[in-house]
Structures are given as C-alpha cells and as structure tokens.
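The chain contents come next:
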Number of protein chains: 2
Amino acid sequence: MPYRIDETHDPKLESWIESANDPNTDFPIQNLPLCRFAPPHEHGLCDHLGVRIGDTILDLQELAYTLPIVGDTPGPAEADMFAGENEPSLLSSFNGPLGHAIRARLQHVLAATNRGKFESIVRENLHAVEDCEFDPPAVSRDYTDFYASLFHATNVGSMFRPDNPILPNYKHIPIGYHGRASSIVPSGTPIIRPLGQKAPPDDPSSTGSSAGPSFGPCSMLDYELEVGAVIARGNELGNTIPLAEAEDHILGLCLVNDWSARDLQKWEYQPLGPFLAKNFATTISPYIVTMEALAPFRCPAFTRDPADPRPLPYLSNENNERAGGFDITLEVYLASEQMRTRGMSPIRLSRGGFKDMYWTLAQMLTHHASNGCNMQPGDLIASGTVSGRTRDARGCMLELTWNGDPFANPPVKAPGTSRTPIELPTGEKRVFLADGDEVIIRGYCEREGFRRIGFGECRGIIQPARA
Amino acid sequence: MPYRIDETHDPKLESWIESANDPNTDFPIQNLPLCRFAPPHEHGLCDHLGVRIGDTILDLQELAYTLPIVGDTPGPAEADMFAGENEPSLLSSFNGPLGHAIRARLQHVLAATNRGKFESIVRENLHAVEDCEFDPPAVSRDYTDFYASLFHATNVGSMFRPDNPILPNYKHIPIGYHGRASSIVPSGTPIIRPLGQKAPPDDPSSTGSSAGPSFGPCSMLDYELEVGAVIARGNELGNTIPLAEAEDHILGLCLVNDWSARDLQKWEYQPLGPFLAKNFATTISPYIVTMEALAPFRCPAFTRDPADPRPLPYLSNENNERAGGFDITLEVYLASEQMRTRGMSPIRLSRGGFKDMYWTLAQMLTHHASNGCNMQPGDLIASGTVSGRTRDARGCMLELTWNGDPFANPPVKAPGTSRTPIELPTGEKRVFLADGDEVIIRGYCEREGFRRIGFGECRGIIQPARA
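It should be emphasised that the depicted structure is a prediction, and the values quoted were computed from it without experimental measurement.

About the cut-offs
Residues numbered from 1 in each chain as written. Chains lettered and ligands numbered in written order. Predicted model: local features only at pLDDT ≥ 70, side-chain atom pairs only at ≥ 80, totals over all residues. Heavy atoms only, no water. Helix = DSSP H or I, 4+ residues; strand = E, 2+ residues; numbered from the N terminus. Rg over C-alpha atoms; globule rule 2.2 N^0.38 Å. Buried < 20%, exposed > 50% of the residue type's maximum accessible area, 1.4 Å probe, protein only. Contact = heavy atoms within 4.5 Å. Areas by Shrake-Rupley, 256 points an atom, 1.4 Å probe, with all protein chains shown as cover. Pairing = 2+ DSSP bridges. Phe/Tyr/Trp six-rings, centres within 6.5 Å; stacked < 30°, edge-to-face > 60°. Least-squares fit on C-alpha atoms with pLDDT ≥ 70 in both. Patch = residues over 30% accessible without salt bridge, like charges linked within 9 Å, V, L, I, M, F, W, Y side chains within 5 Å. Salt bridge = Lys/Arg side-chain N within 4 Å of Asp/Glu carboxyl O. Lys, Arg positive; Asp, Glu negative; His and termini not counted. Charge placed at Lys NZ, Arg CZ, Asp CG, Glu CD. Buried area = accessible area lost by both parts, 1.4 Å probe. Polar contact = N/O pair within 3.5 Å; in protein donor to acceptor, adjacent residues only side chain to side chain. Arc of directions from axis to C-beta. pLDDT = per-residue confidence, 0-100.

Help me understand the overall build of chain A, please; the structure alone is not making it clear to me.
Looking only at helices and strands, chain A has 11 helices and 26 strands in total. Against the compact-globule benchmark of 23 Å for 467 residues, chain A has a radius of gyration of 23 Å, which places it among compact chains. Its C-alpha atoms put chain A at 80 × 55 × 40 Å along the principal axes. For chain A, the proportion of its 467 residues judged to be buried stands at 62%. The contacts in chain A between residues at least 6 apart in sequence include a share of 72% that link residues at least 24 apart. Accessible surface computed for chain A: about 17000 Å², of which carbon and sulfur atoms make up 52%.

Here it is, written out as structure tokens:
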C-alpha cells in the first residue's frame, strides 16, 4: 500500500478555518480532497483546481500566484500546475512525493498554529462552497463500471436467474463493462427520465399474440450507490499494472450514482450488456478524497468463504488481503417533491459499507489492465452497486423493493423475500423512483483515534421525461 | 439524406495531381477524405488536419496560411480552423454549407483545369503519403460498437446458442455496447497478443474436478471487419436525435478492426458483455470519407424478411428505407510472417458488403441517443462485424473457421457447416490469428457512371504476448 499513517493524519491538527474543526464536517484539515470548480466570478467555467476545507474551497490556482505550493516561487508557472486544463499532467505525477508535498504544504498554511502567518494571504483565495460551481472532479475519457459486490450480484441474479444467481466466472473475474464518459454529470445535475424500448408484455394473451416491444418513458428508474476511483498515473497500451503497483495508479475515491433504467436494461442487455439503461446519466460527487487521506481507513479485503476459489495469482497478494479494502460507510437518502414542499428531511433508504465488496479496487484495476488495456489520468473506475449482507445495506431500489415491478409475470419470488414498496413519511409509496424524487448519496470514514473524513454528497433530482 | 449528387461528383473531374487520376486509386478528386497527420518535419505529432488526394496528403493547416479555404483571407485565423486541436469545433459545424464549401474549394484548387493558377502554391503543402504519420482521424472521447449484421449475429449465435441463435430483442433494437476509447490505435500499430483469463476445461474429469480458469496468452485471437461512423455535431445530454436528422450528425465513415480475444470473451462476457476481450486494441483507418463524398453510393436499407417485425416508429422512416444504406465493398486480407518473408502477396479471406447490415447507421445513432445520451464531435460509432449471406462474406475468423476451437467440447456443430481451417499459400493453417500475421482491411465504392472512391487500409500485425 502506498501510504502510511503519518503526522498529516494527526487528529489533533486544527485549522484557522473554524468550519473545518466541526467534529461532524466531512472536510477537516486531515482530508483536503481535490475538486474542479468555478470561483464566484467565473460562473460556470470550472477550470480551477481547488481543495475543500470546512465550508470553503481553496483555489489552488489563484493561491499559487502569491504563495508557492510545490516550488519555491509563487507566480504563473506555479499557478499553471493547478490550471484545470493541466489536471492530467498534475494527476500523472500526483501519487507519491508530489501529492504528499502538496498535502503537507496545505496543512501547514491552513493550520491553526500558523494563522498569523498565512490567514490574510490565503483568505483571498477562499470561497464559500455555496458560491462555487463544480464539474466532475476529473475529466474522464474512459469510464468503467464493475460489479464487485457479491451481495448485489446475488440479489440481482436471484431475481433474473433464480436457479443460477451467481455465474461461474463471478468469483474468478472482477466483472466489469465500459460505461459512457460523455454523460458523467456533476452532483446536482437534474436527471431527465429516459425514454426507451421495453419488452413485450410477458403474457401475450392479454394484448394479442403479436404485441411487440413499446417505446416510452422508463417506468423502473433506479439509482445505484457506487464508489469511484480516479486514475492518477496511466499505463502504456500493452503494459499491465501488477497488483502490487495498482494503488500507485489510483488518485483517490469519490461517490458515484449510476442511474439505471431497469425496464430498458431487462430488454436490451442480452447478449452485449447494459447500454441505454445506463448511459443517460452517471452522477459523480465533486471531490476526490486522496489515497493518502484514506490511509487510516484501510481494512482487509472481503473474507471469502472457505469454499470459494482463491483468486488467480495475478489478482492475489498478501497486502491486498490484509489492507486492500476501504472502511467507508455509505448512505442513500431520498426526498420526494412532496416531502421537500412540506419541509421534511430526506429519509435514509440504506446504510452499507464499502468494506463488503468482494473485489478490491486494486484487483479491479489490475484485472482491467491485465490484457494491456491502457489507463489515462482522470479515467473513472466505479465499483458497481455497493450492497451488504442485510436488507438495509442494499444499494439500489431494485434490491430494496425486490424488483418492485407490479407487472412481473410470473411474479418474482425468492426465499425469504417479497416485493416491498418503500413508504415515505408523506404516505407516498415507491417501488422505483418517481418524478421529483431527489436521491442523495453520502459517504464517510470514522475510526477511533482519527478525525472523521467524508466525501460530501452526490445528488440528483428526477425530472419528467421529455415529450 | 443530407447530400445530393452534384457537380462535385462529376466523374470527368481530374486533378493536376496525376496519381489522383489513376482509375484504381481510392483517392480521386471526388473523394478528399479527412485525416489527422504529422508532416515529415514534425515526426509523430499528428496535429495537422489534411486531405488525402492520390498518393499525397494536402496539409490544410499550412495551406490556409497562403490560400484561403473557407474565408477570403489566408493567414493564422484561417489556419487555426484546421489545427488538430480545433478539430472538434470544425467537425461540429462541418456537415452542411461549411463542409460543402471546403470540398468545392479544394476541388477547385486541385482541378487539372486550374493547374496554372494553383499548382505552385499548393505543392508546397503536399506531402507524399509515405512520408507522413497518422493518428486516428478523430479524437474519440466515446466509442460505441454495435452488432448490426443479422448474418454475423446468426452465425455467432448458432455457435454459442444453437437452439436460440437470434435473441428476441435483435430485430427490434440495434444492439450495441460501449467500447474503450483509449485503446483506439491508428492503422499500422502492432497488436500485442493479450493475456487473460480463460474458462476452466469443459471436461473436468480430464484435469481433476477442481480445475479452475487459467491465465495466459489469448489462443483464439480474431479480427472483426467493421465500418465506423465519426460524429460531427453532437447533441445535448437529454436531447434525442430523430431519425430524419441522424445523418446530419455523421461526418463520414472509416474502417475499423475490432480485434477480439474469443477465449477471453467466452469466459468473461456474462452477464455484462465483452470487456477485456475487446479493449486491448481497436484499429482505425486514417481517413474519414465524408457523407458528401459517399452520396452516389447510397442504397436502400436491408430488405427485411416479411415475417420480421417492423422497426418501432422512432427507428423507421421512408428515407431510411429508400437510401439509408451504403454500398461499400469490404475485403479482408491476411499475410503470415512466412508469406511476407517469402515475398508472397496477402490472400483475401473475405469480401462482403456494408449494404447487408440489418440496421442502418442512422438507426444506430438515433437509437443511441433515444434515451438522451449525448454525442460529442469525434465520437466513434462502429457497426459491428460486417458479414454477408455467403461463407466468403463472413467478417471474422470465428465465422470463417466456424469457431475453430480444437478444444471445444462438445464439438460445435451447426447445420451445413463444420470447422474449417484456412490454408495459406505457404501450407500454414489458421483457425485463429498467429503471431506475425498481418490483417489488412480495405473498403471501396464503385458505381457505373461515377469515379470509384475508397477508404484506404486498416492494418495490424500480431506481436507475441508479453511475458
């Protein structure tokens, strides 16, 4: 593992930015996640790199004009490193000494003990977070989505293939597929309900035997709670990324909502996988929490059942087993339009843990490059839906309501489960998402003896389908 | 359809560049396909936009300094339009009057009748094609691969699902999936045989019942003959592209070889589709033949069997049925290392027609955006393997040798076919590709009363797997 716990994780460190010292903040001085943002005077052009601290964004590009961050001299050359268009080059050398130097330097200038020395200079480049606009935290040319939760795969498999939920390859291969990069959108972007083809009715006698598929608004719109890894350094086409080096290529993590149109998915996905069911939108949270910030929250990889096969040698090593996981708590909240109108708080739909993933991110990345496929700085690798053992740890509505398709025929049944609508405090019921529903994903890490750090939020409100 | 046959397609037009008047050239003055290239003095930095004519490349960026192409005044502003980094902006407004003006203007300065007026100026910006280097003709952020040949789908389906070769969705949905953009490589790039996971032996008794999957070099390496469409103008996320407008979004076509590792594919592709079996490399030809150049070679869409379902209304209109196809002849050649050493010409493996595709490119694009998925200038949409009715029109080795897997158990059988190795003139046999094999794809259009135009070549030589 590339990072050890060091003095930058000291829980006693405090900042002269008071909001960073709130014990409930996601963004204490120990976190310092990266973002791409537009300061208030540059509406909409999110080409500055920044760092979130407390309730503020520190503009690294502007700061570097007056205070050196990496080098010895402030000015345009220093600032250029933190210009949005140079992000790929910054990322490609971020992991290791450079990233550590930036982290240590920013902690130094933001530390409560150095208030007198730095506050007046730094404050000019601090913006209230609500005054800023955000893009996805990296420009991803390629986006890959995995399927790394055994619990999710088992639940979904049980619905669609009751006799054979887990396919023979699952415990050998971190299953993944390519997503659409163009439709990755920043948190807060409205999600328009997609139109698409849906399967013919299962019972042809009800509508005449010639009934074909129909085209119309998705009626089984779902979210998927996922964690994303952003690539720092890439690999050349034809080269691989050995497991021992995989984490050197990961810049950090963020939250991802891989919106899914289940009715479109069911009809289109054979034989080449999900396509239009997924590529209408993928929401990503604004901040990349660096691997270094996450060092105190590493945990063992998933404990495989003794009867499970061992991963092949290229996907297996002792470090990965011992500390390849991340102990991140993940929560999904929902607020209907009616709830918001009536001033009600969002209700929590699930709380799960990223440590429950069957495959580690390092294994996913190593597998991805095992055939020589080339990664590039900024590429996004998402984990697939994060679901846990228990019902309240299921990371999508398909699982929570157990395929809440009122039209399924024959009805979907699985041992010990039945279709269960979600009841909202307004009395509204949900089997899938309704127009006006807002989905909010949150993630955070807590450990005795360390400062809590978090990922912020990944949000989206469903808008009606276009005519 | 956006383009009519006009005076730019006049077969009597000749150029003062003699090689463009060769009746066998792919690149007469009626073609003028676009490319991204490096002129001889800028080795490897392919950031100039050019046009191929005869055996030469005309550097549009340099030409614009001395001769206006679009505007009235030559110079840096005019040249900037044709700088590689500005390609997306050029493409986004290329279809329509701008592209037509460029085509007409270039025909004017290259016409034999205008030799005296333009040759001396233009020659300074002409480079012999063998002195140039080429990148893929557009920078594709996203790459989508379809599966639009019913013959290919039927052949492959017969091998893997003998009782059920064509799935119920096939004739309703242009099936597609996302490919990997980072591993799109220009013609001529060596293709390194990928490593990957392969299924456990089918007969466990032969190796003990605990035999699991293995990891090693692909032993069923294949090519796939495809046609690619490059997006000119995109659409905003959430908007669709109606069928009647689809071709306004397509800049032109090129050749694509979607290299495939069949053993990796067989083991990994359920349930989310092909992944590492495809993303180690996709070769693309250097030239985009514009929609305008292709106008004389349009043909009706595939004639569906009367028993087939009609496409849903969003995928159907009269123009598409009448002229949604392209009459392009496609050929695949192979030369083994031994053949090249002995000075033998490549042998032709197949000759097929793009007019045999079940779905048109316009239908593929309209379907792709039907859920609001956004296209961007430069995006690549490939057709999937182009196979025809007859054996010699099959577009991949999997079909030509009928799954030439000597280890298949039970042996693959289908009515009227059997596994057939390909015999090379050296006596070598092939069921899949061997190290040192070169695959060459060619494509061209011919029609009585018009000049032949072509796509050039899409080539790649297989290199041994890395240790």
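What should I look at first to understand unusual backbone geometry in this one?
Peptide bonds are trans in most cases, and residues, glycine excluded, mostly fall at negative phi. Residues and elements named next belong to chain A. Cis geometry marks the peptide bond from Gln270 to Pro271, where omega comes out at 0°. With respect to the element layout, Pro271 can be found in the loop between helix H7 (262-268) and strand E16 (282-284). If you check the backbone angles, Leu32 has positive phi at about 60° while not being a glycine. Structurally, the position occupied by Leu32 is in the segment before strand E1 (34-38).

Got a minute to help me understand the pairing of strand E2 (residues 48-53) of chain B in this structure?
Regular strands have side chains that alternate between both faces of the sheet. All names here are of chain B. Most of E2 sits inside the fold, with six of its six residues counted as buried. Alternating positions in E2 separate into two faces, His48, Gly50 and Arg52 on one and Leu49, Val51 and Ile53 on the other, with burial throughout. Relative to E2, strand E1 (residues 34-38) runs antiparallel, the two sharing four bridges. For Leu34, the partnering residue across the bridge sits in E2 and is Val51.

What's the story with the packing of aromatic side chains in this structure? I'm lost.
Geometrically, a pair of aromatic rings is defined through the distance of the ring centres and the angle of the planes. For the structure on display, the rule yields 22 aromatic pairs over all chains. Taken together, a centroid distance of 5.7 Å and an interplanar angle of 70° make the contact between Phe134 of chain A and Tyr287 of chain A edge-to-face. Of this pair, Phe134 of chain A sits in strand E5 (residues 133-134) while Tyr287 of chain A sits in the loop between E16 and strand E17 (289-290), and the two are 153 residues apart along the sequence. Judged by its relative accessible area of 18%, Phe134 of chain A is buried. For the pair Phe151 of chain B and Phe302 of chain B, a centre-to-centre distance of 5.8 Å together with 70° between the ring planes defines the contact as edge-to-face. Of this pair, Phe151 of chain B sits in helix H6 (residues 150-160) while Phe302 of chain B sits in the loop between strand E18 (298-299) and helix H8 (318-323), placing them 151 residues apart in sequence. Its relative accessible area of 13% is what places Phe302 of chain B among the buried residues. Grouping aromatic residues by their ring pairs yields a cluster made of Tyr147, Phe151, Tyr170, Phe302, Tyr358 and Trp359 of chain A.

I would appreciate a short explanation of the environment of Leu63 of chain B in the present structure.
Relative to the helices and strands, Leu63 of chain B resides in helix H1 (residues 60-66). When neighbours within four sequence positions are excluded, Leu63 of chain B is seen to be in contact with Leu58, Ile69, Leu106, Val122 and Asn125 of chain B.

What is the right way to look at the relation of the copies chain B and chain A in this model?
For these two chain copies, the linking operation is a rotation about an axis paired with a shift along it. Structural alignment of chain B on chain A gives an RMSD of 0.0 Å, achieved by rotating through 180° and translating 0.0 Å along the axis. Between the two chains, the operation in question is that of a two-fold axis. Judged by C-alpha distance, Gly273 of chain B is the residue of chain B that lies nearest the rotation axis, at 2.1 Å.

Looking at this model, I keep getting lost on the pairing of strand E25 (residues 438-445) of chain A. Mind explaining?
Residue and element names in this part refer to chain A. Of all eight residues in E25, seven are buried; the element is thus mostly enclosed. Note that strand E20 (residues 329-335) and E25 share seven bridges and pair antiparallel. Each residue of the ladder has a partner; that of Val332, found in E25, is Ile441.

Mind showing me how you'd approach a negative patch on the surface here?
Residues and elements named next belong to chain B. A cluster of acidic residues, Asp22, Asp55, Glu130 and Asp131, forms a negative patch on the protein surface. Its location among the elements puts Glu130 in the loop between strand E4 (126-128) and strand E5 (133-134). Owing to a relative accessible area of 63%, Glu130 belongs among the exposed residues under this scheme.

Explain the side chain of Asn169 of chain A to me, please; I cannot follow it from the model alone.
Secondary-structure assignment places Asn169 of chain A in the loop between helix H6 (150-160) and strand E7 (176-178). Taking the relative accessible area as the measure of exposure, Asn169 of chain A reaches 4% and is therefore buried. What Asn169 of chain A contacts, discounting residues up to four positions off in sequence, is Ile175 of chain A together with Trp267, Glu268 and Gln270 of chain B.

What is the right way to look at the interface of chain B and chain A in this model?
Interface size is commonly expressed as the accessible area that is lost once the parts come together. On the chain A side, the residues contacting the 57 residues of chain B number 57 residues. Across the interface of chain B and chain A, roughly 5500 Å² is buried in total on both sides, 60% from carbon and sulfur atoms. Applying the counting criterion to the chain B and chain A interface returns four salt bridges. Here Arg180 of chain A makes a salt bridge to Asp142 of chain B, at a shortest N to O gap of 3.4 Å. Applying the counting criterion to the chain B and chain A interface returns 37 residue pairs in polar contact (both at pLDDT 80 or more).

Explain the sheet that holds E1 of chain A to me, please; I cannot follow it from the model alone.
Two pairing modes exist for strands in a sheet, parallel and antiparallel, and in both the strands are linked by backbone hydrogen bonds. Residue and element names in this part refer to chain A. The strand order across the open sheet formed by five strands is E4-E3-E2-E1-E5, and the pairing between neighbours is antiparallel. Each of the sheet's edge strands pairs with one partner strand only, and the pair in question is strand E4 (126-128) and E5. Strand direction decides the pairing type here: strand E3 (residues 56-59) and E4, joined by three bridges, are antiparallel. Looking across to E4, one finds that Thr56 is bridged to Ala128.

For this particular structure, what's the right way to read helix H5 (residues 115-123) of chain B?
One turn of the α-helix equals 3.6 residues, which is why residues spaced by three or four share an orientation. Residue and element names in this part refer to chain B. Among the residues of H5, Phe118, Glu119 and Val122 are the ones counted as buried. The buried side chains of H5 occupy one side of the element, clustering within an arc of 115° when seen end-on. Opposite the buried face of H5, at more than 90 degrees from it, the exposed residues are Gly116, Lys117 and Ser120. At its buried positions, H5 is contacted by strand E3 (56-59), H1, helix H4 (97-110) and E4.

Hey, could you run me through the confidence of the model for chain A in this one?
Keep in mind that low pLDDT regions are not for reading the predicted coordinates in detail. All names here are of chain A. Per-chain confidence: chain A averages 94 in pLDDT, with 94% of residues scoring 70 or above. Within the model, the stretch residues 406-416 combines pLDDT values under 50 with nine contacts to residues more than four positions away or in other chains. Both scores are given for the predicted complex: the pTM is 0.96, the ipTM 0.95.

Can you help me understand the sheet that holds strand E21 (residues 347-353) of chain A in this one?
Residue and element names in this part refer to chain A. Taken in spatial order, the five strands of this open sheet run E9-E26-E25-E20-E21, and their pairing is mixed. Of all strands in the sheet, those bounded by a partner on one side alone are strand E9 (191-192) and E21. As paired strands, E25 and strand E26 (residues 453-463) are joined by seven bridges and run antiparallel to one another. Opposite Ile440, over in E26, you have Arg459 as the bridge partner.

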